[in-house]
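The primary structure of each chain is shown beneath.
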Amino acid sequence: GKDIPGQASLVFDVVLLDLHNPKDGITIENQHVPESCERRSQTGDFLRYHYNGTLLDGTLFDSSYSRNRTYDTYVGKGYVIAGMDEGLLGVCTGERRRIIIPPHLGYGEEGRGKIPGSAVLVFDIHVVDFHNPSDSVSITVNYKPSNCTVLSKKGDYLKYHYNASLLDGTLLDSTHSLGKTYNIVLGSGQVVVGMDMGLQDMCVGERRTVVIPPHLGYGEDGVEGEVPGSAVLVFDIELLELVSGLPEGYMFVWNGEVSPNLFEEIDQNHDGEVLLEEFSEYIQAQVDSGKGKLAPGFDFEKIVKNMFTNQDRDGNGKVTAEEFKLKDQEAKEEHDEL
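Residues numbered from 1 in each chain as written. Predicted model: local features only at pLDDT ≥ 70, side-chain atom pairs only at ≥ 80, totals over all residues. Heavy atoms only, no water.

1. A word on the UniProt feature "domain: EF-hand" (unreviewed entry) in the chain
UniProt records the feature "domain: EF-hand" (unreviewed entry) for residues 254-289 and 299-334 in the present numbering. With 53% helix and 8% strand, residues 254-289 has end C-alpha atoms that lie 11 Å from one another. (UniProt positions renumbered as here; feature names shortened; annotations may be inferred. Helix = DSSP H or I, 4+ residues; strand = E, 2+ residues; numbered from the N terminus.)

Printed below as a string of structure tokens:
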């Protein structure tokens, strides 16, 4: 035509951007595999990982590091491009690998955003952690005292030290740095479900490592500025003190025989009615003398007010002899009625 004369010799200066064969699969290059790899990712796991995405000539098109947060996804389920879905299987926590993906397992002939059509993609990934939605809490006992007969149970008041970190070792929190223990009533919802599970059946002096998956920890949202979303948590725990709780459903128990004239003893002015102040003073006196015991770890005033409210059946702020019943009496009446 007009641009190329007849019988002309042509000169092309060519830069090869990439090449692939439609029969190609992904290519995996392991850059770092941790020495300790107790488990490798499999279909259905939920991964958190960082990545740099480039073309074969090194052109950067995306990076999770620039957003300062991991990319989180299920693997083997079709939530990411086919090549990445395959390349994220069989990884260890902390592993770094390069995944080279041909276009038919990536973004195809059309491309996407900064990715040109028919481009070969290179992802350098770093696996931060992964878990499976069916995972439970993992407990490893690091030290158990020889005298280990009293074990923690629901309702016990516990004092313990902990170091909290992510699976990659990033420290999140530590009671040691605060110089004081963390104190809870076990099974009362004062900590995440996974920690309630991890503190069960411990004896004083025991040390253990508790690994908590996010669905038993802080979930998809995490804690802003403190715990990333969907993070697996690692707690190194040492139990320092245990105060036995009360039987489930009880906030106060007697250490001896109950007086047959209990209502009369509480009703100090003998007017046939007990007010909250009278009730509170009486319970405090029983605890101080060792005749009664309150559930440890709870606020005294809240417990007593709750006990009083349970007795004040008509809600008028006064308890009469007809209203007043002990817990075992209530249980017996319910049983008889059934």
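2. A closer look at the nonpolar core
Formed by 23 residues in total, the largest nonpolar core has its most connected members in Y160, M195, L199, I212, F235 and I237. Counting only elements with at least two residues in this core, the list comes to strand 8 (157-166), strand 11 (207-212) and strand 12 (233-243). Counting residues in each nonpolar core, the second largest holds 21 residues, with L47, Y49, F123 and V127 among its members. (Core = buried A, V, L, I, M, F, W, Y, C linked by side-chain atoms within 4.5 Å. Buried < 20%, exposed > 50% of the residue type's maximum accessible area, 1.4 Å probe, protein only.)

3. Thoughts on the domain arrangement of the chain
One can read the domain layout of the chain as domain 1 (27-131), domain 2 (138-243) and domain 3 (252-333). Centre-to-centre, using C-alpha coordinates, domain 2 lies 35 Å away from domain 3. (Domains from an automatic or database assignment.)

4. Observations concerning the side chain of E278
With respect to the helices and strands, the residue E278 is situated in helix 5 (residues 276-289). A distance of 3.3 Å separates a polar side-chain atom of E278 from the backbone nitrogen of Q268. Leaving out residues up to four positions away in the same chain, E278 has contacts with I266, D267, Q268, N269 and E273. (Polar contact = N/O pair within 3.5 Å; in protein donor to acceptor, adjacent residues only side chain to side chain. Contact = heavy atoms within 4.5 Å.)

5. Some words on the state of the cysteines
Each disulfide consists of one covalent bond between the sulfur atoms belonging to two cysteines. Evaluated as defined, the whole model comprises two disulfides. The residue that forms a disulfide with C37 is C92, at a sulfur-sulfur distance of 1.9 Å. On the sign convention where negative means left-handed, the S-S torsion of about -95° between C37 and C92 marks this disulfide as left-handed. Within this pair, whereas C37 is found in the loop between strand 1 (27-32) and strand 2 (46-55), its partner C92 is found in the loop between helix 1 (82-87) and strand 5 (96-101), the two being separated by 55 residues in sequence. The class of C92 is buried, set by a relative accessible area of 0%. Disulfide partner of C148: C203, at an S-S distance of 2.2 Å. The chirality of the disulfide connecting C148 with C203 is left-handed, given an S-S dihedral of about -110°. One end of the pair, C148, is in the loop between strand 7 (138-143) and strand 8; the other, C203, is in the loop between helix 3 (193-198) and strand 11, with 55 residues separating them in the sequence. The class of C203 is buried, set by a relative accessible area of 2%. Bonded cysteines in the chain are paired 1-2, 3-4 when counted in the order they occur along the chain. (Disulfide = S-S within 2.5 Å.)

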